[in-house]
Amino acid sequence: MKNDKTNALNIALESVLEPNQSQNTHSSISHRIASPVKCPASQMAVSSCPCPKSFAAALSPSFECRSDPSGTDQPSHGRFSRRVNSVRHGTASFFGGGMSSLILKFPPNFVRQLSTKGRRNCSNIGVAQVVAASWSNNSSAGNPSAAANAAAAAVPAVEPVELIAGDEVAVVEGLKENELVQLDDLTNDLKYSSFLSSDGSLAIHAGERLGRGIVTDAITTPVVNTSAYFFKKTAELIDYKEKRHASFEYGRYGNPTTVVAEEKISALEGAESTLIMASGMCASTVMLMALVPAGGHLVTTTDCYRKTRIFIETILPKMGITATVIDPADVEALESALEKHNVSLFFTESPTNPLFRCVDIELVSELCHRKGALVCIDGTFATPLNQKALALGADLILHSATKFIGGHNDVLAGCISGSAKLVSEIRNLHHILGGTLNPNAAYLIIRGMKTLHLRVQQQNSTALRMAEILEAHPKVKRVYYPGLPSHPEHHIAKRQMTGFGGVVSFEIDGDLMTTIKFVDALKIPYIAPSFGGCESIVDQPAIMSYWDLSQSERENYGIKDNLIRFSFGVEDFDDLKADILQALESI
């Protein structure tokens, strides 16, 4: 009987293989059928040729390429839901207990290869192995489709289904075939206790493998490109509106891919909640409008991103909001402002842009909280790895995720992290203003964060070593970098930062044209306005950001014509060093 089945299989293969392939394949397939073998994933060849009907007919009139055992090709649903059959079923074998593992072992994802779509792409040899395995495992010689029947019966109707969430498992009892599992109703109770102790590991796994909301066995997070989400019945919509059912509703209010990016940032910052938006400036402006009431007062610092200063000086006054601007290190000025005004918020960068002044976050947080004022730190230059502003006492931490967090000079985004209460206040205004991050951009943020710790380590090292070299060079007048003992707030940076960042500012010993000559002599960095990416970037702030002001006006902000801001990428240190030194020699 075995020989008859082998002959039938060989005849079938002759009808679907090229003439120059059939001879070698006969002996190979015959050997596979005659002796039990283990079939690793590498043996499950995949080709573009469809499963031929002639092949199936030659094997048995009753053999056909079946669809997925569940009966449908199951699409992924929004709102963190998925068909039960797409969730892991513990250790249940796809082909049931009747098939011996000594005959054939399928890769874990083989269930998807048996779907209608997968069958179109499976190889002839792969199909032959499936049928051969069914023959050798079935005592009934007259039932060549037993493997397909076993596959259809393998999915249990009422067995418990394990839902993996981080390092904890929830078991849902009594789920029936094709019943939907609303993971959003479960994830609130699946608070994982992370066993990961390093920021690098969290940057890779948080929000995805740990506490994943989107049900998929893909390593990477899917991009959910949708503008709206549907409800099965009006009753479900009402449950959602009355907060009995967790879901999404409209793209401006949330997206599963964006949620992953937010959770990853929250894990790094130690925050209850994170809100991600379309840009860093969007995050800054929405935060300021949400937390400072009309007619209110805020305190900020002199050295900061210019567009932030313009918003505070020109837009907020239209709402009756006034501001006190102080030196980053002037604690007495902060205390005075807190006494004179009903201050709602102290907002500053630390380190600041582009002179890298540092604020004593722990001290200013204590002073502000005594007077009922909130503290928000823009930590873009520090990154979540070099500085933990929330742990130091700040209420909110803000980042232009365009920079180090994204890290590849290919995406715009901004984020705010803090308590759920404060972030919710900002989120409510964000939903009105609509600066929503596209889910494709959220994916780029997720991808970029997985190398954040590696990039920042390299950038920290390169920047510190180059700052020391530049400070000793005769053609450099001054270097601004918090990792240098000469920096005015080095003692603060040393206490509250674990690394000093990848950007260095310095003044060339020369005028505007001499500085231009230095910049143009550089070979590696791009002349561009951003920082924090894999590629090194250089800019002359007097030209890049302040060219519309006169020289005297620029200097009022500390922006001299000979100032350079150099963002170090992940290029080799010796290459960057040689490039900067040759450019200095050219002036």
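Residues numbered from 1 in each chain as written. Predicted model: local features only at pLDDT ≥ 70, side-chain atom pairs only at ≥ 80, totals over all residues. Heavy atoms only, no water.

S.K.: Which residues make up the packing of helix α12 (residues 280-291) against helix α13 (residues 306-315), and what are the values?
M.R.: The contact between α12 and α13 brings their axes to 10 Å, and the two run at 25°. Relative to α13, α12 is oriented roughly parallel. For α12 against α13, the interelement crossing comes out right-handed. Between α12, through M281, T285, L288 and M289, and α13, the contact on the second element is made entirely by K307, T308, F311 and I312. (Axes fitted to C-alpha atoms, helices over the stretch in contact; angles between N-to-C directions. Helix = DSSP H or I, 4+ residues; strand = E, 2+ residues; numbered from the N terminus. Parallel < 35°, antiparallel > 145°, perpendicular 65-115°, else oblique. Left-handed = near helix turned anticlockwise from the far one by under 90°. Contact = heavy atoms within 4.5 Å.)

S.K.: Got a sec to walk through the pattern of salt bridges? Specific residues and values, please.
M.R.: A side chain of one charge can pair with a side chain of the opposite charge if their charged atoms are brought near each other. Here the structure, examined in full by the defined rule, presents 19 salt bridges. Between R244 and E242 there is a salt bridge whose closest N-O contact spans 2.4 Å. Across the pair R306 and D548 runs a salt bridge, and its minimum N-O distance is 2.6 Å. Of this pair, R306 sits in helix α13 while D548 sits in the loop between α22 (541-544) and α23 (551-556); the two residues are 242 residues apart in sequence, bridging distant segments of the chain. Looking at R306, the relative accessible area reads 14%, which means it is buried. Linked by salt bridges that have partners in common, E208, K264 and K450 make up one network. (Salt bridge = Lys/Arg side-chain N within 4 Å of Asp/Glu carboxyl O. Buried < 20%, exposed > 50% of the residue type's maximum accessible area, 1.4 Å probe, protein only.)

S.K.: If you had to explain the packing of aromatic side chains to someone new, which residues and values would you point to?
M.R.: This structure, assessed with the given rule, holds 10 aromatic pairs. Between Y250 and Y253, the aromatic rings sit 5.8 Å apart at their centres with planes inclined by 70°, giving edge-to-face as the arrangement. By relative accessible area, which is 38% here, Y250 ends up partly exposed. A relative accessible area of 35% places Y253 in the partly exposed class. Aromatic pair F381 and F531: ring centres 4.1 Å apart, planes at 10°, arrangement stacked. Separated by 150 residues along the polypeptide, F381 in the loop between β9 (374-378) and α16 (383-386) and F531 in the loop between β14 (526-527) and β15 (537-539) bring together distant segments of the chain. Residues F381 and F531 agree in their burial class; the two are buried. In this structure an aromatic cluster arises from ring pairing among F356, F381, F404 and F531. Over the face of the ring belonging to F531 we find K403, whose NZ or CZ atom lies 5.3 Å from the ring centre. (Phe/Tyr/Trp six-rings, centres within 6.5 Å; stacked < 30°, edge-to-face > 60°. Lys NZ or Arg CZ within 6 Å of the ring centre and 35° of its normal.)

S.K.: Run through the pairing of strand β13 (residues 503-508), naming residues and quoting values.
M.R.: Of all six residues making up β13, six are buried, and the element is well covered by its neighbours. Here β13 shows a buried face lined by V503, S505 and E507 and a second buried face lined by V504, F506 and I508. Two strands pair when backbone bridges link them, and strand β12 (residues 476-480) and β13 are joined in this way by four bridges, in the antiparallel orientation. Within the sheet, the bridge partner assigned to V479 lies in β13 and is F506. (Pairing = 2+ DSSP bridges.)

S.K.: Go over the sheet that holds β15, please, and point to the residues and values.
M.R.: Overall, mixed pairing links the five strands, which are arranged β12-β13-β16-β15-β14 in an open sheet. Of all strands in the sheet, those bounded by a partner on one side alone are β12 and β14. Most of the contacts of helix α19 (residues 452-472) go to β13, to which it runs at about 15°, and overall it touches β12 and β13. In the packing of helix α21 (residues 512-521) onto the sheet, contacts are made with β13, β14, β15 and β16 (563-567), and the angle to β13 comes to roughly 135°.

S.K.: Now, about the packing of helix α11 (residues 256-269) against helix α18 (residues 439-449): what can you tell me, with residues and values included?
M.R.: With their axes 8 Å apart at the nearest point, α11 and α18 run at an angle of 35° to one another. The interaxial crossing formed by α11 with α18 has left-handed handedness. On α18, the residues touching T257, T258, V260, A261, K264, I265 and L268 of α11 are P439, A442, Y443, I445, I446 and M449. Per-class residue counts for the contact of α11 with α18 are 10 nonpolar, two polar and one charged. (Nonpolar A, V, L, I, M, F, W, Y, C, P; charged D, E, K, R; others polar.)

S.K.: Break down empty space enclosed by the protein for me, citing the residues and quoting the values.
M.R.: Which parts of space are left empty comes out when a probe the size of a water molecule is rolled across the atoms. Per the counting criterion, the structure on display carries two cavities of 30 Å³ or more. Reported here for the second largest cavity is a volume of approximately 40 Å³. Taken together, T300, T301, C304, R309, I312, E313 and V325 make up the lining of the second largest cavity. Every element with two or more residues in the lining of the second largest cavity is listed here: β6 (297-301) and α13. For the lining of the second largest cavity, a count of residues per class yields three nonpolar, two polar and two charged. (1 Å grid on protein atoms, 1.4 Å probe; cavity = no way out; pocket = protein on both sides within 12 Å on 5 of 7 lines; lining within 4 Å. Points joined across faces, edges and corners; volume = space filled by probe spheres on them.)

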